[in-house]
Amino acid sequence: MSTANLLLHPVRMRILQTLVGAGDLTTAQLRARMPDIPTATMYRHIAVLTQAGILEVASERPVRGTAERSYRVRQEKALVADEERPEMTKEDHRQAFTVFTGALAAGFDRYLAREDSEPAREGVMYRQGAVWLTDEEFASLVSNLEEVAARYAHRTPDDGRARHLLSLVVVPDKPTPTPN
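Trainee: So what about the confidence of the model for the chain? Which residues, and what values?
Mentor: Confidence along the chain averages 87 in pLDDT terms, with 99% of residues attaining 70 or more. Per-element averaging of pLDDT across the chain places helix H1 (residues 3–7) at the bottom with 80 and helix H4 (residues 39–51) at the top with 95.

Trainee: Explain the environment of His164 to me, using residue names and the numbers behind them.
Mentor: With respect to the helices and strands, the residue His164 is situated in the segment after helix H6 (135–153). The sequence separation of His164 and Gly21 amounts to 143 residues, and the corresponding C-alpha distance is 8.7 Å. One polar contact links the side chain of His164 to the main-chain carbonyl oxygen of Ala162, over a distance of 2.9 Å.

Trainee: Describe the pairing of strand E3 (residues 66–73), with residues and values.
Mentor: Residues in a regular strand project their side chains so that they alternate between the two faces of the sheet. Here strand E1 (residues 25–26) pairs with E3 via two bridges, running antiparallel. When the bridges of E3 are listed, Leu25 appears paired with Tyr71. Looking at chain direction, strand E2 (residues 55–63) and E3 are connected through eight bridges and run antiparallel. Note that in E3 the partner of Arg61 across the bridge is Glu68.

Trainee: Any chance you could break down the packing of helix H2 (residues 10–19) against H4 for me, citing the residues and the numbers?
Mentor: For the pair H2 and H4, interaxial distance at closest approach is 10 Å and the crossing angle is 75°. The orientation of H2 with respect to H4, classified from their angle, is roughly perpendicular. Between H2 and H4, the contacting residues are Val11, Arg12, Ile15 and Leu16 on the first element and Thr41, Met42, His45, Ile46, Val48 and Leu49 on the second. Tallied by class, residues from the contact of H2 with H4 come to seven nonpolar, two polar and one charged.

Trainee: Go over the pattern of salt bridges with me, naming the residues and quoting the values.
Mentor: Should the charged atoms of two oppositely charged side chains come close, the side chains can pair. With the rule as written, the count across this model stands at nine salt bridges. Arg72 serves as the salt-bridge partner of Glu56, at 3.3 Å between the closest nitrogen and oxygen. Here Arg72 lies in strand E3 and Glu56 lies in strand E2, a separation of 16 residues in the sequence. Taking relative accessible area as the criterion, Glu56 reaches 28% and is therefore assigned partly exposed. A relative accessible area of 32% means that Arg72 is categorised as partly exposed. A single salt-bridge network, built from bridges that share partners, covers Asp24, Glu56 and Arg72.

Each value, and the rule that gives it
Throughout this document, residue positions are counted from 1 along each chain, in the order its sequence is written. Whole-chain, interface and lining totals are the exception, using all residues; otherwise, since this is a predicted model, local features are given only for residues with pLDDT of at least 70 and side-chain atom pairs are given and counted only at 80 or more. Note that water and hydrogens are dropped before the side-chain values are worked out from all heavy atoms of the structure. What pLDDT reports is the predictor's confidence in each residue, on a scale of 0 through 100. Only DSSP runs of H or I reaching four residues or more are called helices, and only runs of E reaching two or more are called strands; each is numbered from the N terminus. Polar contact is the term for a pair of N or O atoms within 3.5 Å; when the atoms are in protein, one must be able to donate a hydrogen and the other to accept it, and sequence-neighboring residues count only if both atoms are side-chain atoms. Paired strands are those between which DSSP finds at least two bridges. Orientation is described by axes fitted as lines to C-alpha atoms, over the contacting stretch for helices, and by angles from 0 to 180 degrees between their N-to-C directions. If an angle is under 35 degrees, it is roughly parallel; if it is over 145, roughly antiparallel; if it lies from 65 to 115, roughly perpendicular; otherwise it is oblique. In what follows, residue pairs with any heavy atoms lying within 4.5 Å of each other are defined as contacts. Note on residue categories: nonpolar means Ala, Val, Leu, Ile, Met, Phe, Trp, Tyr, Cys or Pro, charged means Asp, Glu, Lys or Arg, and polar means any other residue, Gly included. In what follows, salt bridge is the name for a side-chain nitrogen of Lys or Arg lying within 4 Å of a carboxyl oxygen of Asp or Glu. A 1.4 Å probe rolled over the protein chains alone gives each residue an accessible area, and that area as a share of the maximum for its type sets the label: buried under 20%, exposed over 50%, partly exposed in between.

Encoded structure:
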């Protein structure tokens, strides 16, 4: 199965979004954060992600005659491989974007459903801007964004830190060709 197919399944994407930056979580903790996903479905998708090397077992401890595992995301594996992107069709990209934006919208809905959510105070933002860039400038921008995110990615929830999800979509904005 391609990395794109592994990552861009709605349930697997939610599992990954829940784990990213959250530390090590057990299946029970994941289920508590995603109660709408049936237990068997959760276990099946965790197994798929673990077998693919996208999740790794961080620790194990015996609980009532079985092993309780904590999982973490292997960030370097949780990306569509560079060599796979050129092989993706426009329909593959459409499907991937639909899953991504659906997961993004569902996460935002879960946030707003919490009684203690305060979007203005908590800095919720959604913005769109435009920049004019050469291919080299664009590559530099992407690299800079990745460097900035990486500086903050390994912080822990101590010292009053709150977890924030960053999502980025970059789409070329080419004019529509006029018919001849």
